Every structure is written in structure tokens, then in C-alpha cells.
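Examination of the molecular architecture
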Amino acid sequence: MTSELHERSALELSRALQEREISSVELTTALLQRIRARDDALNSVITVTEEQALKEAQAADALLARGEAGPLTGVPLLHKDIFCTQGVRTSCASRMLDNFIPPYDATVVSKLRAAGTVSLGKTNMDEFAMGSSNETSYYGPCHNPWDLDRVPGGSSGGSAAAVAAGFAPLATGTDTGGSIRQPAALCGITGLKPTYGRVSRLGIIAFASSLDQAGPMTRSVADAALMLNAMCGVDAGDSTSADVPTPNFLDALSGDIQGLRIGIPKQYFSADLNPRVATQIHQALGELTARGALLVDIDLPHTHQGIATYYVIAPAEASANLSRFDGVRFGYRCDNPQDLTDLYQRSRSEGFGEEVQRRILVGTYALSAGFYDAYFKKAQQVRRIISNDFKQAFESCDVIAGPAAPGVAFKIGDKTSDPLAMYMEDVYTLSVNLAGLPGMSIPAGQVDGLPIGLQLIGRPFDEATLLRVGHLFQESTDWHLQRPALGASQ
Amino acid sequence: MNWEVVMGLEVHLQLATRSKIFSGAANHFGAEPNVQACAIDLGMPGMLPVLNEQAVRFAVMFGLGIGAEIGKRSVFDRKNYFYPDLPKGYQVSQFFEPIVGAGVFDIPMPDGSLFPVRITRAHLEEDAGKSVHDAFAGQTGIDLNRAGTPLLEIVTEPDFRTAEQAVAYLKALHSLVTYLGISDGNMAEGSMRCDINISLRPEGQDTFGTRTEIKNVNSFRFVERAIAVEVERQRDILEDGGHIVQETRLFDAENNETRSMRSKEVANDYRYFPEPDLLPVIIDDETIEQIRQTLPELPNDKRNRLIHDYGLGDYDAALLVDSRALADYFEAAAALCGEPKLVANWMLGDLSAALNRADIGIEQCPVTPVALAGLIQRISDNTLSSKLAKQVFEGIWQGQGSADDIIEQRGLKQVSDTGALEGMIDEVIAKNPDQVAQYRAADDNKRKKLSGFFVGQIMKASKGQANPQMVNELLLKKLAG
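Residues numbered from 1 in each chain as written. Chains lettered and ligands numbered in written order. Predicted model: local features only at pLDDT ≥ 70, side-chain atom pairs only at ≥ 80, totals over all residues.

Description of the overall build of chain A
Condition: Only DSSP runs of H or I covering at least 4 residues are called helices, and only runs of E covering at least 2 are called strands; the numbering of each starts at the N terminus. Atoms considered for the radius of gyration are the C-alpha atoms alone. The globule rule reads 2.2 Å times the number of residues to the power 0.38. Residues with at least 20 other C-beta atoms within 10 Å of their own are called buried, those with 12 or fewer are called exposed, and the rest are partly exposed. The C-beta atoms themselves are positioned from the backbone. Placing C-beta atoms from the backbone, we regard two residues as in contact once those atoms come within 7 Å.
Tallying secondary structure elements over chain A gives 15 helices and 11 strands in all. The C-alpha radius of gyration of chain A comes to 21 Å, within 12% of the 23 Å expected for a compact globule of 490 residues. Once the C-alpha set of chain A is aligned to its principal axes, its extents read approximately 65 × 55 × 45 Å. Across the 490 residues that make up chain A, the buried fraction comes to 60%. Once local pairs closer than 6 in sequence are excluded, the contacts in chain A between residues at least 24 apart make up 77%.

Right, here's the structure in full:
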């Protein structure tokens, strides 16, 4: 093993730890150092939990020494700052929660801890996961390690940038409309949004409850399988988590794709798509057909209605989910409130950023008496239609493929004044959330030195097929091994 | 003009589940502020609700108890509004698809008739916390112990025309839910809170007048008074040619008036939408049937049975089934002594008077059904006169032992021995020759009056223990000479 520690995959690091080639404390120390040295330029991490990380690393080393370690024991990771972490500030990148220290862990956090991972800290994100560029963060934008003038995508922009920059081999993300897959694409890493219900939402600060889903953000598909193994499973504390069998996703990596039917939706290759991205996606598909897969034309006729549908349902749910941030019990409270209404109005106006306020207003409007039928109810109906489109498409294919985002990473500030242009970033991803399906973005090429992502969409609870296709692709390509220069290597 | 009063009631019933409707926190009344509220009840970020199955069972039991449709699929919705004691900024309720649909509930009226009330629906929801206005000067405290307490909101059609009907409904509802064991129904502690929608219209008019809603009335008596003063208020306005403002009002018992609440509701749009954190509740026929099997005998059925099996009158039977404890007491005592009518008389007479004096319920009654049955046996076998029985009852109440113990201790046994009684009578006759002569000279009417003198003397001589009936018979024979 010659590559630098920070360039290795989690599986490679796991092997090195098991073979006692390195200790978890050494690895953790090296990564913490790297974060300290380089994150000023990226701003991908909001909170570094150095002391806690070293303690966890020591505990992991003890397990490794006793031969009681699992595959993730001692492997460092970062958590998106939307996952509640006991005793560690969980801000959701909002002024509203700048002072919020949860007395509990999210189920995902406790599961990953139980698997032996070492948490290095909490990553930057769009405020309350609302955004596609990480520019709405109260802590300032996160920069794309491939080009510091550009965004990393969002909302899990910090996690994507940190994994790409070699701060940690693994990071958690959440995806409500593309928030794992789009930043994964823009930063050249692997990002998997599991089927709705595959991973518990308990302890994840809710954006849109019927769409939110947590997933792994990693350097390889195999790492995503490894991480998903530790994250998934039914949770009695989340009524919407699914009581379905949880396979060992690492087993899903073996096997070929001979005769596998890959559906190509024509709507994913329309005028919205940067033609140079389209070319790269077609080349990537060529790799898969070379391995025996068959391409099938499919129709997802309501892809564009997905945006309107999503931007009614998600803000509507968010408008209620964010009502608890009222300045009464926790979080930001304005100074010297005159009365109750003043307390509410100023705490929320001062505590929430512009995009969050916009979505609360949109959602409140869509649910209002006289508009409910025209907006929210209609959106629920279209959501069902979109879901049926996918069901029908999967009658003639086994997996759907297309771009994860319409272009490459854009310049910071380019789309901040035009919310609708920003919303278009998720045109290929958000209907997957509306249908509750698993989706994954893997690095599949570059345009002008910037990574692009191939999105794979699967049947409900068929993450295994996505992982198998993705892993095979990564066995025959090296896009996922490309690293941003980010100055001299440490 | 003659006005018709039109009323519909909404009752918020706290369900007596062990834990809260969406969390594992304990569901008890009266703990120190904020000790019975967990992260879910506090609406902490990332927390999710998990539905309490017992609350669902209780709602189904209620639905079956009034013969209503059970929603085989019901859905929770979010009701959005800001208030400091509402931690999430929304209340999880059921708006579009409630768990209990329409039904008819027969209410026994004091005259023995049944008054059918149409139930519109009943749905599950979580209670809010409490704002405490008097604990800190110039500040409001928030107690979230109550947040997340399961509520069943029971809504009627506008079927009530009189306060008497409304109160009879609430009493019957109270009796039903305590029989079912789904709530303690304690109005003073807020387990059962009543909102009264009330409007007036000219007699004969079909359309409803503008209504007001009187919130959170917390006793049967206050319901009656609140209705009376609100009807009067509305009538005065209407008769002066004014208009009723649709609003929420509060009943002020001290000043005996209703007052307009600074209404947060007038302009409120609750923006209901399905709660995405909870799955729809699906209940199959088998489960409904299973729950039906567990239902106890309900008040209306029990009343009919008491009338038919024990020969009780409508009124007595209705009073006895008012609570399950009262009815159970009756049946236990009646079975022990075989004198159901005497048991009913004692329970509704001396026993209930004593309970009222002590301000306790039948559950705390110091006289057990066994003890009452023992007393009644001594009445029916002529050991005790009714006068003596009252004394013995007092003794039992005060814990001096069973009826037989007290009779023994005080030597209170009624004298029914003919020889002994004749001796006493002879003695009295011998001591009062003038009165005997008067008696024998008098006509029948006067004789009746005069015989009372002798009875009194005999009872006095026997210290009240002589069997009065036998004394009468024997005395008349002796006086007749």
C-alpha cells in the first residue's frame, strides 16, 4: 500500500487497521491534522471534535488489539451537522441552532459508533438542508476542493467536499431532493440515497419528513456498501422506517451485469443538460454495455413536474417541521422581546436565513385555507403519478441511469440571486425522493477538470443492484480515484 | 318571541393510558412541572412520534361502546399554530380521517325516557402543555407534563335543546367511559373538558343562528350555569335587534357570566395536512371483533338488566348504574342478602346520604357490600326495626363491626317473642287504668289515636326493641278485652 492515508478508501484503511499496519490513533491524528491545515480554504467542517475523536480512536485500538474489531472499527468519519450528536453542538448550519447541544444521538450516529467508527466532527451544509450549493449556511459557503471558486453542491456540500479533500474516507449525508447525490457528483465522490425507510430518521433534524433519507458519502461504491451495512435497519423509534430484510451489501458487490437492463429516460437528456456532461454520461453507459448490460429507452414523462411538486410538498412539510424553532425552549431567542408575537417574529426572522424563510413562506402558503386543494393536494396527486411512472418504467428495466446533475460545479454566487435556477440543480434527483426510491451518484467523467456524476436509480429496497452496477463500473474505470490537487500533498 | 336553543358539544377526554400518545413518558396527573416530559414531548429537534397502541384500542372501545363506525383506516394530521405550550408548533390530531365515525348514543333522561344524541365523530389527538400564569410575577411558566397526553375528542351534532339534555349527555358519557375504563372522567382535573357550541333561533326556523363556543367548562353544574347565562346573553342581544358575534367565550363561574376570550381563533387557519412522521392506522375486522369481546357490560344494558332481573324501578336502576362501582356494589350486596329492593333503598337513601356527608365516593365507602347485606338480613328477619337498623348502620359506618356484632354489643335485638311482649303489654295496661277505660268507651276513630299512647309506652319500656308490628297486634287484642 503506497498511497497516502488520506487517499485510501475505508476498506483499505480497515485492512490496514486490522493488520495493525497503522493504529486508529495514528490515522485519526493524521486526518485531524489535515483538516486543521486545509479546511480554512474549504470550510467543509463546522465543528471538529478532536478530543472525542482521539478517545474513540484509543477505544478502537483496544478492540483491534484484542481482535474484537469489526470492519469499521477505528475508521474515521464525519457527520453532516444535521445528525444530532450527544454533547456535540448540532447546528444544521443555522444561527437558530448555533447554541444547540443535543442530549441524544441520532440512530445513525449511535449505529455507526457501535460499529466502531471514529467521529472527527460535523460538516457544513445548506441551512436546514435547504439548498443545492452549501451557500445558505450560517457558517459561510463551503468551497469545492476541485476549484475553490466553485460550490461543492448541496445540501450535504461539506460532507462531499471533506471526503473529496481527504479529510475522512466516509461521511454521512442526508438527501431530501438530491442533497447526497448532487454534491457527490460535483465533488467526484460516491453518494448513495437509500430507499425511503431503509435508514432511521430518528435524531436527524427534519426538513421534509416524507422525503428525507440519510445515506453514505464515500470514495468508492464498496465503501458505500460497507457504510450502509452499519447505517440501515428498522428502528422502533421511527414509524416510517421499514421492517425489511437487510442484506450484507458487501455481498452485493460480486456478480456480473450480463443482460441487466438499464433504462435511459429521455427526459434526463433534454435541453437542461450540459451537452458535455451528456457526452460523458453516454461514455459511462458504454462501459456498462461493454460489461454486458443492455440499454433500454424508457419514459419518465412527469420529470419536470417533479420540480413543482417537490417545491410544494417539501416546503409544506418544512413549514411545520421548523415551527418548533420559536425561541421558547431551545435555539436562538431574540433580545428583549416585547411580547409573545415579537418573540416569535424576531427570533425566527433573526434566527433563520433567507432561503429557509422563503421555503417556510412557500410551504405555509401552499397549506393555507383556499390553496390547499390547488397546491398541496394537487402535489400529492402528481407525486403518486410520478411514483407510478417509475413503477411502469421498472417493468422494462432493472435499473435507471442518467446524470445526477445538469452540469458541473458552478461558481459561488452564480445562482444565489435566482432560486429557480438553483432549484433546477435537482431536476434529475428529486423525483427519486418523491417516489421513495434508492439513487446513487458515482464519479463518471470530468468536464474542464471538474467531476460529473452518473446517477443510478433502483427499485424500492434494491440498493444491492445499484451497488453491483456501480462497483463493476469502478472496477473498470478510475474516475473515483481522481483526487483534487488541493495544493501540495501532505 | 320564543327562542329555540341549539347546542352541540365537543368533549376532550383524556385517555387513561400508562404512557403518552406518542412517547414513553408517564401519563399521570399532578406531578411536579416538566418532570413527565421527554425529548419527544418537548418537540426537540430530530425527535419522532411513535403511536401508543393502547390509545388506539381505547378509541375503538369507545366507538364500539356507542355503536359507531370504526375507521378501519385513520390518519393523523398536523394542526399548525404557535403557542408557547404547544412545543412543536403543531398538534398531531386527526382531521381528514378520524378513528371513530358517526354513531348514536342513547341518553337516559330523569323521566326514564331515552334521548338519542348523534355523535358526529371522535378522533385521537395529543394534549398541549399548560401555561401557568400565577407562578412567576409578570411572567408565564410553561408546564409540559400534559403535552402528549392522549385525548379523544368527541363531537356531537347540534342535537341539544336544553341544559338538562346536555348535562344528561355528559353524565352518560362520563358513565360510559368509566365503565369502559378508558378514562377516569375527572372533570375537575381536566380529564373530561367540555366545549359548548350554542346558538338561538326563533322557534320554527330551520336555519341555525350564529353560534358562540364556550370553552373548557369543567363540571356538570358549570355546564348548566354556563348554558343558562349564555342563553340569556344571546336572547337579550337578539331581542334588542343585535347580532351575535361568532367567537370563543369563557365561563366565569365566580361572576356567573361568559366572557369573550381574546380570540386567537377568529383568524386562525390551522393548515391541516397529513402527519408524515406517522403511518396511517389500519385496523382489521378481526382486531375490532377482538376488542368487542373485551367490552364490559355498558350502562344502558346494565340498567335494563337491573330492571328486569331485580325488579327495580327505572329511576332507581338509572341511579345505580351511574357508575360501575355503584352497580357492582349493588349486585354484590343483593346477591348476598337476596333483597335487591331493600339494598337499592338503602343505597339510594342512608348510604348515599352518608357518602355525601363524608364527601367520598362508593369506592371509599367504609360499609362494604357484605356489611350492608348483613344489616339488611337482620331487617328482613325482623331482628331489627328500621329505626334500630339506622343506628346499627351508623355503627357499621364508624367501624364498630358487622351488624351482628353491633346488635350483640348493644343488646339491640328486636323483641319478637310473644310471651315477653305480652308481659310488657300487661304491665302497661295495668299501670294505666284510666286510659284503658277511655279507650274502651271510644269509637273506632278515637281508638286508633289512643292506641298510639300504649304503643309508645311499650316501646319506651322495651328501650325501642319491641317488634312494633307484633306489639300492635297483641295490644289491640288485649285492649279489646
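Description of the overall build of chain B
Counting its secondary structure elements, chain B contains 15 helices and 15 strands. The globule rule puts the C-alpha radius of gyration for 481 residues at 23 Å, and the 30 Å found for chain B is more than 25% above it. Considered along the principal axes of its C-alpha atoms, chain B spans approximately 95 × 55 × 50 Å. The long-range fraction of contacts in chain B, counting pairs at least 24 apart against all pairs at least 6 apart in sequence, stands at 68%.

Considerations on helix H11 (residues 354-367) of chain A
We apply this condition: Here a helix's expected span is defined as the number of its residues, less one, multiplied by 1.5 Å. Throughout, the arc means that of the directions going from the helix axis to the C-beta atoms.
Helix length check: H11(A), at 14 residues, gives a terminal C-alpha distance of 20 Å against a target of 20 Å (1.5 Å per residue), a fit within 8%. Here H11(A) has its buried residues at A:Val356, A:Arg359, A:Ile360, A:Gly363, A:Ala366 and A:Leu367. Projection of H11(A) onto a plane perpendicular to its axis shows the buried side chains occupying an angular sector of 130°, all on one side. Those residues of H11(A) that are exposed and angled more than 90 degrees off the buried face are A:Glu354 and A:Leu361. Looking at the buried residues of H11(A), the elements they touch are helix H9 (305-321) and helix H12 (373-393) of chain A together with strand S14 (273-274) of chain B.

Let's talk about the interface of chain A and chain B
The condition is simple: Polar here means any residue other than Ala, Val, Leu, Ile, Met, Phe, Trp, Tyr, Cys and Pro, which are nonpolar, and Asp, Glu, Lys and Arg, which are charged; Gly is therefore polar.
Contact residues are listed per partner, giving 32 residues for chain A and 23 residues for chain B. For the side of chain A that touches chain B, the secondary-structure elements that each account for two or more residues are H9, helix H10 (340-351) and H11 of chain A. The element best represented in the side of chain A that touches chain B is H9(A), accounting for three residues. Among the residues forming the side of chain A that touches chain B, the class breakdown is 17 nonpolar, nine polar and six charged.

Details of the packing of helix H7 (residues 324-337) of chain B against helix H9 (residues 369-380) of chain B
Residue and element names in this part refer to chain B. Here is the rule: Note on method: axes are straight lines fitted to C-alpha atoms, helices fitted across the in-contact stretch only, with angles between N-to-C directions ranging 0 to 180 degrees. Reported orientations rely on four angle classes, namely roughly parallel under 35 degrees, roughly antiparallel over 145, roughly perpendicular from 65 to 115, and oblique for the rest. Note: crossing handedness is left-handed where the near helix turns anticlockwise from the far helix by less than a right angle, and right-handed where it turns clockwise.
With their axes 8 Å apart at the nearest point, H7 and H9 run at an angle of 40° to one another. It follows from the interaxial angle that H7 and H9 lie oblique. The two elements H7 and H9 meet at a crossing, and its hand is right-handed. Seen from H7, the contacting residues are Tyr329, Ala332, Ala333, Leu336 and Cys337; seen from H9, they are Pro369, Val370, Leu372, Ala373, Ile376 and Gln377. For the contact of H7 with H9, a count of residues per class yields 10 nonpolar, one polar and no charged.

Structural notes on helix H14 (residues 444-461) of chain B
Compared with an ideal rise of 1.5 Å per residue, which puts 18 residues at 26 Å, H14(B) spans 26 Å between its outermost C-alpha atoms and is within 8% of the ideal. Looking one or two residues beyond H14(B), the residue adopting positive phi is B:Lys463, at roughly 55°.

Concerning the environment of A:Gln52
Within the secondary structure layout, A:Gln52 lies in helix H3 (residues 50-66). Separated by 306 residues in the primary sequence, A:Gln52 and A:Arg358 have C-alpha atoms spaced 37 Å apart.

Some thoughts on the nonpolar core
Here is the rule we go by: Any nonpolar core is a set of buried residues, restricted to Ala, Val, Leu, Ile, Met, Phe, Trp, Tyr and Cys, that join up through C-beta atoms within 7 Å.
Within the largest apolar cluster, 216 residues are counted, with the highest numbers of intra-cluster contacts made by A:Ala168, A:Ala225, A:Val399, B:Ala59, B:Phe62, B:Ala166 and B:Ile196. At 10 residues, helix H2 (residues 163-180) of chain B tops the list of elements feeding residues into this core. Those residues in contact with A:Ala225 that sit more than four places away from it in its chain are A:Phe249, A:Leu250, A:Ala252, A:Leu253 and A:Leu467. Core analysis: the second largest hydrophobic core is formed by 39 residues, B:Phe330, B:Leu342, B:Ala403 and B:Ile406 among them.

A closer look at the pairing of strand S13 (residues 257-260) of chain B
Residues and elements named next belong to chain B. This is how the line gets drawn: Note on pairing: two strands pair once DSSP finds at least 2 bridges between them.
Sheet topology note: the strand S12 (residues 248-252)/S13 ladder contains four bridges and is antiparallel. If you follow Phe251 over to S13, its bridge partner there is Thr258. In sequence, S12 turns back onto S13 through a hairpin of four residues, with Asn256 there showing a positive phi of about 50°.

Comments concerning the environment of A:Cys187
Residues and elements named next belong to chain A. By the secondary structure assignment, Cys187 is in helix H6 (residues 181-187). On a C-alpha basis, the gap between Cys187 and Ala278 in space is 18 Å, while along the polypeptide they are 91 residues apart. When residues no more than four places from it in sequence are discounted, the contact partners of Cys187 are Asn144, Pro145, Pro152, Gly153, Ala160, Ala161, Ala164 and Pro451.

Looking at the sheet that holds strand S9 (residues 399-403) of chain A
All names here are of chain A. Read across the open sheet, the 11 strands follow the order S1-S3-S2-S4-S6-S5-S10-S11-S9-S7-S8; overall the sheet is mixed. Strand pairing shows two members of the sheet lacking a second neighbour, strand S1 (45-48) and strand S8 (294-298), which therefore form its edges. For this sheet the average axis-to-axis angle between neighbouring strands, irrespective of direction, equals 30°. By the bridge criterion, two bridges tie strand S7 (residues 261-265) to S9 in an arrangement that is parallel. Residue pairing in the sheet places Ile262 in a bridge with Val399 of S9. Against the sheet, helix H7 (residues 221-231) contacts strand S4 (170-175), strand S5 (190-193), strand S6 (213-218) and strand S10 (439-447), and its axis sits at roughly 140° relative to S6.

Some words on the environment of A:Gly439
Relative to the helices and strands, A:Gly439 resides in strand S10. In the structure, A:Gly439 is positioned 35 residues away from A:Ala404 in sequence and 9.2 Å away in space, judged by C-alpha atoms.

Some remarks on the domain arrangement of chain B
Interfaces are often sized by the accessible area lost when the parts come together. Put simply, the test is: How far each domain reaches was decided by an automatic or database domain assignment.
The domain architecture assigned to chain B consists of domain 1 (3-289), domain 2 (297-410) and domain 3 (418-480). Using only C-alpha atoms to locate each centre, domain 1 of chain B and domain 3 of chain B end up separated by 67 Å.

Re the sheet that holds strand S5 (residues 103-108) of chain B
All names here are of chain B. Reading across the sheet, the eight strands line up as S5-S6-S9-S1-S10-S11-S12-S13 and stay open at both edges, with mixed pairing between neighbours. Where the open sheet ends on each side, the last strands, each with one partner, are S5 and S13. Strand after strand, the sheet turns through a mean of 35° between neighbouring axes, direction not considered. The pairing of strand S11 (residues 212-217) with S12 spans three bridges and is parallel. Each residue of the ladder has a partner; that of Ile214, found in S12, is Arg249.

Some thoughts on the packing of H14(B) against helix H15 (residues 468-480) of chain B
Each pair of packed helices gets described by two things: the angle between the helix axes and the distance between those axes. Residues and elements named next belong to chain B. At a closest axis distance of 10 Å, the pairing of H14 and H15 adopts a crossing angle of 125°. By the angle between their directions, the pair H14 and H15 is classed as oblique. The interaxial crossing formed by H14 with H15 has right-handed handedness. Each of Ser451, Phe454, Val455, Ile458 and Met459 in H14 lies in contact with H15, whose residues at this interface are Pro468, Val471, Asn472, Leu475, Leu476 and Leu479. Across the contact of H14 with H15, the residue classes break down as nine nonpolar, two polar and no charged.

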